[in-house]
Structures are given as structure tokens and as C-alpha cells.
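Listed below, chain by chain, are the residues.
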Amino acid sequence: MFRWLSGGEGSPGWPASLGPLRTRGGTVTLRPVKMRDGKTWSELRIRNQNSLLPWEPTGVGSWADRHQPGSWPPLFAVLKSEAKRGTILPFVIELDGQYVGQLTVGNIQRGAVRSAWIGYWVDDTHSGKGIATAAVALGVDHCFGPVGLHRLDATVQPANDASQKVLKNIGFRQEGLLVRYMDVNKRWRDHMLFALTAEEVVGSAAEALVRSGRASFQ
């Protein structure tokens, strides 16, 4: 059975280490981002430009400039500050202990809504091996468990079949189409809105993956 490991002062469910879940690609875990992740983050982001650029918000400057190691410390400082405030949960996705991507839960709302969005990316070298699916399952269970959320949203471009498959494997359902929703790669793009609520998860998302044969507990 996987575990949640929390420690230190922070918002509900943060900081925390999640997993493990065993996939055909290896063992997947989630951990908080760290300052020392800068070099690996830069290498992965620059190497994966062609697979990430079509789906991510338009940024200022070139992709290479925005993802140099020197860009990580200010980004990390913002992520850490917002995590402490309880508005975001920034995780590194690890495969057999190696940084291979990130999963982020953002715009966390409390009160009567208790919702957030979830996003993720994985090094293209490891795509198609169930790693993103396992990571999202761990994130979903954490959000509906220790974090205390009720609903998660995810937005995906209609052409991004791989990301849609990840969400559907977890049980997310499509709620509609957001027309010209986000500026991506210098153009306003339509996005499909997917959602999942706590009542729709039977047991846990990780357990559902195990029952389907897509993962196993370690």
C-alpha cells in the first residue's frame, strides 16, 4: 500500500511525499520541489521543448532562456511561498528515484468550493509507460484525502490525446469546451474541461489503477 509522508509546518497536505506506485515503467513517487532541482529541471525542460511547447502557456522570451538553471531559484521561491500559503502544491514526479517530471495542483480554493486544478508533464523519454497516470492518481488521492478538497479540474487541448487518456484512466469526465481559453504558443486555444469530484472515486484512484492492472502497490 502506498503512503503519505508529511513533515514540517505548512498548509494541509504540504509538504508531503506520496507513493510508491509500481508501473510498467518503474516505481513512481511524488515529492516536494527543492532548490537543488534547478539543473535537472532545466535539462528536462529544454530537452522536452518540442513535446511541451504546444501545450503550455505562452511565456516571455525564448524557451531556452526561460528554462536556464538561473530561472529556477525565483520560480522555486514563488512555488515554496505559495505552497506555504496553501494555494499550490508543487511536486516532482520521480521514477525509481529520478526526477522525470512535475505535477502541480494550483488555485486551491477553500470554504464552500474546496477545488483546484491539476497539471502535469513527464519527460518524453518515459512517455507511454503509465508514469503520468500513476502520478495523477497519487495527486488525486492526496487532494481528496489530507488536502481536503472536493473537486479537481483539468484543461486539455482537443489535440492532446495523451493527456486526455491520462485523465480518463483516472476517472475524470469531460464537462465542456472552453473556447479560446488560454494563450498557448502565441495563439488563443480551445481547451476541453475535465473534472473529478471526491464522490466519484471508489476507494482511491491508486486502488482503481491497481484493479485495472495499470499499476501495483509496492
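As a reminder, the structure under discussion sits directly above these lines.
Worth saying up front: this structure is predicted, and the values here are computed from it rather than measured. For every chain, the first residue of its written sequence is number 1, and the numbers climb from 1 along that sequence. The predicted nature of this model means local features are confined to residues of pLDDT at least 70 and side-chain atom pairs, given and counted, to a pLDDT of 80 or more, with totals for whole chains, interfaces and linings taken over all residues. Hydrogen atoms and water are omitted, and side-chain values are computed over all heavy atoms in the structure.

**A few points about the overall build of the protein**
Thinking step 1. Along its length, the protein carries seven helices and 10 strands.
Thinking step 2. For 218 residues, the compact-globule estimate of 2.2 N^0.38 gives 17 Å, and the C-alpha radius of gyration of the protein, at 16 Å, lies within 12% of that figure.
Thinking step 3. Restricting the contact set of the protein to residue pairs at least 6 apart, pairs at least 24 apart contribute 61%.
Thinking step 4. The Shrake-Rupley method, run with a 1.4 Å probe sphere, supplies the accessible areas, and residue values consider only the shown protein chains as cover. Summed over its atoms, the accessible surface of the protein is roughly 10600 Å², and 52% of this surface lies on carbon and sulfur atoms.
Thinking step 5. For the protein, the distance from the average position of its 26 positive side-chain charges to the average position of its 19 negative side-chain charges is 1 Å. Only runs of H or I of at least four residues qualify as helices and only runs of E of at least two qualify as strands under DSSP, and these elements are numbered from the N terminus. Only the C-alpha atoms count toward the radius of gyration. The rule for a globule is 2.2 Å times the residue count to the power 0.38. By definition, residues are in contact when any of their heavy atoms lie within 4.5 Å. The convention is simple: Lys and Arg are positive, Asp and Glu are negative, and His and the chain ends are not counted. Each charge is placed at NZ for Lys, CZ for Arg, CG for Asp and CD for Glu.

**Regarding the environment of Ala-16**
Thinking step 1. For Ala-16, the location among the structural elements is in strand β2 (residues 16-23).
Thinking step 2. Separated by 131 residues in sequence, Ala-16 and Val-147 have C-alpha atoms that sit 10 Å apart.

**Some details on helix α6 (residues 161-170)**
Thinking step 1. Exposed residues in this analysis have more than 50% of their type's maximum accessible area, buried residues have under 20%, and partly exposed residues fall in between, with area computed by a 1.4 Å probe over protein chains only. Buried within α6 are the following residues: Ser-163, Gln-164, Val-166, Leu-167 and Ile-170. Seen along its axis, α6 keeps its buried residues to an arc of 155°; they face one direction. In α6, those exposed residues whose orientation departs by more than 90 degrees from the buried face are Asp-161, Ala-162 and Lys-165.
Thinking step 2. Of the residues flanking the end of α6, it is Gly-171, one or two places downstream, whose phi is positive at about 115°. What the arc measures is the spread of directions leading from the helix axis to the C-beta atoms.

**Observations regarding the pattern of salt bridges**
Thinking step 1. A pair is scored as a salt bridge if a Lys or Arg side-chain nitrogen falls within 4 Å of a carboxyl oxygen belonging to Asp or Glu. Following the criterion strictly, the structure yields 11 salt bridges and no others.
Thinking step 2. A salt bridge links Glu-175 to Arg-173, with the shortest nitrogen-to-oxygen separation between them at 2.6 Å.
Thinking step 3. Exposure remark for Arg-173: the relative accessible area of 30% places this residue in the partly exposed category.
Thinking step 4. A salt bridge links Arg-173 to Glu-200; the nearest nitrogen and oxygen atoms lie 2.5 Å apart. Placement of the pair is Arg-173 in strand β8 (residues 173-184) and Glu-200 in the loop between β9 (187-197) and α7 (205-212), with a sequence separation of 27 residues.
Thinking step 5. Of the residues examined, Glu-200 reaches a relative accessible area of 34% and is grouped as partly exposed.
Thinking step 6. If you follow the salt bridges from partner to partner, you end up with Arg-151, Asp-153, Arg-173, Glu-175 and Glu-200 in one network.

**A look at the packing of helix α5 (residues 131-144) against α6**
Thinking step 1. Packing of α5 against α6 leaves a shortest axis separation of 9 Å and a crossing angle of 45°. The orientation of α5 with respect to α6, classified from their angle, is oblique. α5 and α6 meet at a crossing whose hand is right-handed. Across from Ala-132, Thr-133, Val-136, Ala-137 and Val-140 in α5, the residues of α6 making contact are Val-166, Asn-169 and Ile-170.
Thinking step 2. Polar here means any residue outside two lists: the nonpolar Ala, Val, Leu, Ile, Met, Phe, Trp, Tyr, Cys and Pro, and the charged Asp, Glu, Lys and Arg; Gly therefore counts as polar. Here the contact of α5 with α6 is built from residues that sort into six nonpolar, two polar and no charged. The convention used is that axes are lines fitted to C-alpha atoms, helices contributing only their stretch in contact, and that angles between N-to-C directions extend from 0 to 180 degrees. Here the word oblique covers every angle except those under 35 degrees (roughly parallel), over 145 (roughly antiparallel) and from 65 to 115 (roughly perpendicular). Each crossing gets its hand from how the near helix is turned against the far one by less than a right angle, where anticlockwise is left-handed and clockwise is right-handed.

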